Amino acid sequence: MDSPDREQRFRTPSDIEVRAVYGPTDAEPDPVENLGDPGAFPFTRGVYADMYRGRPWTMRQYAGFGTAVETNKRFRFLLDQGQTGLSVAFDLPTQMGLDSDDPLSEGEVGRVGVAIDTLDDMELLFDRIPLDRVSTSMTINATAAVLLGLYVAVADGRGIPRDRLSGTVQNDILKEFVARGTYIYPVESSLRLVTDIFDFCSRDLPRWNSISISGYHMREAGSTAVQEIAFTLGNAREYVRRALDRGLELEQFAPRLSFFFAAHNDLFEEVAKFRAARRLWARMMREEFGASDRSARLRFHTQTGGSTLTAQQPLNNVVRVAIQALSAVLGGTQSLHTNGYDEALALPGADAARLALRTQQVIAEESGVASTVDPLAGSWYVEWLTDELERRAVRYLEQLDDLGGAAAAIPFMSDEIHQAAYRWQLELESRERRVVGVNCYEEDVTPLDLPQPDFGALGREQKERLAGVRAARDDAVVQTALAELRRTAVDGGNLVPSIIDAVKVRGTLGEISAVLKELWGPYHSA
């Protein structure tokens, strides 16, 4: 029997020491100040009064690979299986503002998401999908304005009123500078694009979330749960300040701010994290910005932790994903993606994707946890841990303010995450942190047989489609639209309408991004 050294295990992944027993003196929350009722400030217990009794969370499985045609097949498969919302993964060239025929795109086209170059691709991606009845989340940041423009152009072409569109564009560029790396332009120019999207959505897309402020990717890079709360809310505060400086009205854009968190394996820390983030954001929005309760609600999507999945004994990931999904539901998530058990090895296969969705459905239909709101409230341990996570996150937020705000504190946040990731790796290698199948209970297991697409063939197909679009379009009209985009960028106008005009005449994502890069230059880290 490979039994663990129990002395090393009684602290959370955020290095919070956990005592054997908690009692009333550890957590005596003021029912008004700290808890309140579900659906009421400070929203500790949830952003809606009835939560899942009214309707379950949105089951939004993240998908995208190869071409638009192949990804559309997966979307329709997932919708047929009972999924209630779409979530689009884009390939790296699309995320970086490169067309599929760019030399820098070679070998990456369609590999980690769908390749989108033109409006033709976007029309194929959403073929036979009712955009006025299905909400769509798009994980895209540096080129968020272009992908949003393409989505709106598809709807316009179908005659769907813009006020019927619902969904989210991630549009969180600060966390790209901090932890992920798919940035293009300098920080200030990038933040202008973020607020352009805020402005456009508040006027044209009233049901659309103009940003999904992401702790998930910082957690994937190695942050602790405390850092995930603090740096996510710090970035969010920066976006609010920038939008107000732009002259936008708080109550016009703030209700459509949304968030994106990870769910990891420490069940109680994750539940407490969601509750603490909700309460801290509500207090920040009211005390610093004078926001209404509607604008102080923290609505969030959750994805189970990709970095927690193991290539060793991959079927163990089924259990990990179920625990993580349970923590998200107990913590009050508004939508949820559950990872496939094979994702540490390859893009998820159809069977793994179906089982991931069924995991959510079993929790919703069979576990009973959706029957009552915030069922862990009143647990002395959970309330104490919620308070402790909030206290530690506040200390980080004070440091960000001392440094001049999140945009100025990018190097600090990045370094703190790197140090946390390094500590975790040392603990893993020393077996202080134990991962089943990796550094304990190891065994030889027959590898999964995971056939993969021919990415070379998919890339050639995509480039051929792009060449056909270029040949068929009116280049003079395209150049006129790109010139207008450049003029708008120079004059300081909102770029989103000009981007929509450009994509409608078949300007490519790469051409649009190149106009802005020529004006603004690329980002260079200090």
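Residues numbered from 1 in each chain as written. Predicted model: local features only at pLDDT ≥ 70, side-chain atom pairs only at ≥ 80, totals over all residues. Heavy atoms only, no water.

Q: Would you mind going over the overall build of the protein chain with me for this structure?
A: Per the secondary structure count, the protein chain includes 20 helices and 9 strands. Computed over its C-alpha atoms, the radius of gyration of the protein chain comes to 23 Å, within 12% of the 24 Å expected for a compact globule of 526 residues. Reported as C-alpha extents along the three principal axes, the dimensions of the protein chain are approximately 75 × 60 × 45 Å. By residue count, 58% of the 526 residues in the protein chain fall in the buried class. In the protein chain, of all internal contacts separated by at least 6 residues, the share reaching a separation of at least 24 is 79%. (Helix = DSSP H or I, 4+ residues; strand = E, 2+ residues; numbered from the N terminus. Rg over C-alpha atoms; globule rule 2.2 N^0.38 Å. Buried < 20%, exposed > 50% of the residue type's maximum accessible area, 1.4 Å probe, protein only. Contact = heavy atoms within 4.5 Å.)

Q: Would you explain the pairing of strand β8 (residues 300-304) in this entry?
A: On a regular strand, one side chain projects to one face of the sheet and the next to the other, so that they alternate. Within β8, 5 of the 5 residues are buried, leaving the element largely enclosed by the surrounding structure. Here strand β7 (residues 257-263) runs beside β8; their pairing, made up of 5 bridges, is parallel. When the sheet's bridge partners are listed, Phe-260 is paired in β8 with His-301. Where β8 lies against strand β9 (residues 335-337), 3 bridges are found, and the strand directions are parallel. Across the sheet, Gln-303 pairs through a bridge with His-337, a residue of β9. (Pairing = 2+ DSSP bridges.)

Q: In this structure, what is going on with helix α14 (residues 350-366)? I would like to understand it.
A: Quick reminder: α-helices carry 3.6 residues per turn. Residues three or four places apart thus point the same way. In a regular helix each residue adds 1.5 Å, so 17 residues correspond to 24 Å; α14 covers 23 Å between its end C-alpha atoms and thus fits that length. What α14 keeps buried is the set Ala-352, Ala-353, Ala-356, Leu-357, Thr-359, Gln-360, Gln-361, Ile-363 and Ala-364. Tucked inside the fold, the buried residues of α14 contact β1 (58-63), α2 (68-80), α13 (316-330) and β9. Once α14 finishes, Gly-368 follows within two positions and takes phi at roughly 85 degrees, a positive value. (Expected span 1.5 Å × (residues − 1).)

Q: I tried to follow the packing of aromatic side chains on my own but got confused; where do I start?
A: Each pair of aromatic rings is reported with the distance of its centres and the angle of its planes. Inspection of every chain in the model, using the stated rule, returns 22 aromatic pairs. With centroids separated by 4.9 Å and ring planes inclined at 5 degrees, the aromatic side chains of Tyr-216 and Phe-260 adopt a geometry described as stacked. Here Tyr-216 is found in helix α8 (residues 216-220), whereas its partner Phe-260 is found in strand β7, with 44 residues between them in sequence. On the accessibility criterion, Tyr-216 (6% relative accessible area) is buried. (Phe/Tyr/Trp six-rings, centres within 6.5 Å; stacked < 30°, edge-to-face > 60°.)

Q: Even after reading the chapter, I still don't get the side chain of Asn-439, so can you show me in this structure?
A: As for its placement among the helices and strands, Asn-439 is situated in the loop between α16 (410-429) and α17 (455-472). Residue Asn-439 is classed as buried on the basis of its relative accessible area, which comes to 7%. Looking at Asn-439, its side chain comes within polar contact range of the main-chain nitrogen of Val-435, at 2.8 Å. Each residue touching Asn-439, except ones within four places of it in the same chain, is listed here: Leu-428, Arg-431, Arg-433 and Arg-434. (Polar contact = N/O pair within 3.5 Å; in protein donor to acceptor, adjacent residues only side chain to side chain.)

Q: Please clarify how the sheet that holds strand β2 (residues 85-89) should be interpreted in this entry.
A: Ordered by their spatial adjacency, 9 strands build an open sheet running β5-β4-β3-β2-β1-β9-β8-β7-β6, and the pairing between neighbours is parallel. Of all the strands in the sheet, the pair left with one neighbour each is β5 (208-209) and β6 (211-214). Across 2 bridges, strand β4 (residues 167-169) lies against β5 in parallel orientation. Bridge assignment links Thr-168 to a residue of β5, and that residue is Asn-209. Relative to strand β3 (residues 136-139), helix α5 (residues 144-158) is tilted by about 150 degrees, and along the sheet it contacts β3, β4 and β5. (Axes fitted to C-alpha atoms, helices over the stretch in contact; angles between N-to-C directions.)

Q: Looking at this model, I keep getting lost on the packing of α2 against α14. Mind explaining?
A: The axes of two packed helices give the description: the angle between them and the distance between them. In contact at an axis separation of 11 Å, α2 and α14 are set at 40 degrees when each is read in the N-to-C sense. In this structure, the crossing between α2 and α14 has a hand that is right-handed. When α2 is examined against α14, the residues Arg-74, Phe-77 and Leu-78 are found in contact with a partner set consisting of Ala-350, Ala-353, Arg-354 and Leu-357. Residue classes in the contact of α2 with α14 are distributed as 5 nonpolar, no polar and 2 charged. (Left-handed = near helix turned anticlockwise from the far one by under 90°. Nonpolar A, V, L, I, M, F, W, Y, C, P; charged D, E, K, R; others polar.)

Q: Before we go on, may I ask you to explain α16 in this structure?
A: Compared with an ideal rise of 1.5 Å per residue, which puts 20 residues at 28 Å, α16 spans 29 Å between its outermost C-alpha atoms and is within 8% of the ideal. In this structure, the buried side of α16 is in contact with α6 (173-180), α7 (187-204), α8, α9 (225-246) and α15 (380-402). Within two residues after α16, Arg-431 carries a phi angle of roughly 70 degrees, on the positive side.

Q: What is the right way to read the pattern of salt bridges from this model?
A: When the charged atoms of two side chains lie near each other, side chains of opposite charge can form a pair. For the structure on display, the rule yields 49 salt bridges. For Lys-504, the salt bridge identified is with Asp-156, shortest N-O distance 2.9 Å. Separated by 348 residues along the polypeptide, Lys-504 in helix α19 (residues 495-504) and Asp-156 in helix α5 bring together distant segments of the chain. Here Lys-504 falls in the partly exposed class, since its relative accessible area comes to 35%. According to the relative accessible area criterion, Asp-156 is partly exposed, its value standing at 25%. Across the salt bridge formed by Arg-279 and Glu-390, the nearest N and O atoms sit 2.8 Å from each other. Placement of Arg-279 in helix α11 (residues 267-289) and of Glu-390 in helix α15 is noted, with a sequence separation of 111 residues between them. Overlapping salt bridges, with partners in common, bring together Asp-156, Arg-162, Arg-192, Asp-196, Asp-199, Arg-203, Asp-204, Arg-246 and Lys-504 in one network. (Salt bridge = Lys/Arg side-chain N within 4 Å of Asp/Glu carboxyl O.)

Q: Explain the nonpolar core to me, please; I cannot follow it from the model alone.
A: Burial of nonpolar side chains together is a common tendency in soluble globular proteins. Residues Met-122, Phe-126 and Trp-281 are the most contacted members of the largest nonpolar core, which totals 138 residues. Each residue touching Met-122, except ones within four places of it in the same chain, is listed here: Ile-116, Met-138, Leu-147, Leu-150, Tyr-151 and Val-154. (Core = buried A, V, L, I, M, F, W, Y, C linked by side-chain atoms within 4.5 Å.)

Q: Just checking my understanding: could you explain the packing of helix α18 (residues 475-491) against α19 for this structure?
A: Interaxial distance between α18 and α19 falls to 9 Å at its minimum, and their mutual angle equals 175 degrees. The orientation of α18 relative to α19 falls into the category roughly antiparallel. Side by side, α18 and α19 meet where Ala-481, Leu-482, Glu-484, Leu-485, Thr-488 and Ala-489 of the first sit next to Leu-495, Ser-498, Ile-499 and Ala-502 of the second. Class assignment for the residues of the contact of α18 with α19 results in 7 nonpolar, 2 polar and 1 charged. (Parallel < 35°, antiparallel > 145°, perpendicular 65-115°, else oblique.)

Q: Would you explain the pairing of β6 in this entry?
A: Of the two faces of β6, the one carrying Ile-211 and Ile-213 and the one carrying Ser-212 and Ser-214 are both buried. The pairing of β6 with β7 spans 4 bridges and is parallel. Among the inter-strand pairings, Ser-214 is bridged to a residue of β7, identified as Phe-260.

Q: It is not clear to me how the environment of Glu-188 should be interpreted in this structure. Could you clarify?
A: Topologically, Glu-188 is positioned in helix α7. Residues Glu-188 and Ala-20, spaced 168 residues apart in sequence, show a C-alpha to C-alpha distance of 48 Å.

Q: I would appreciate a short explanation of the side chain of Glu-427 in the present structure.
A: Here Glu-427 is to be found in helix α16. For Glu-427, the residues in contact, after removing those within four places along its chain, are Arg-11, Glu-432 and Arg-433.

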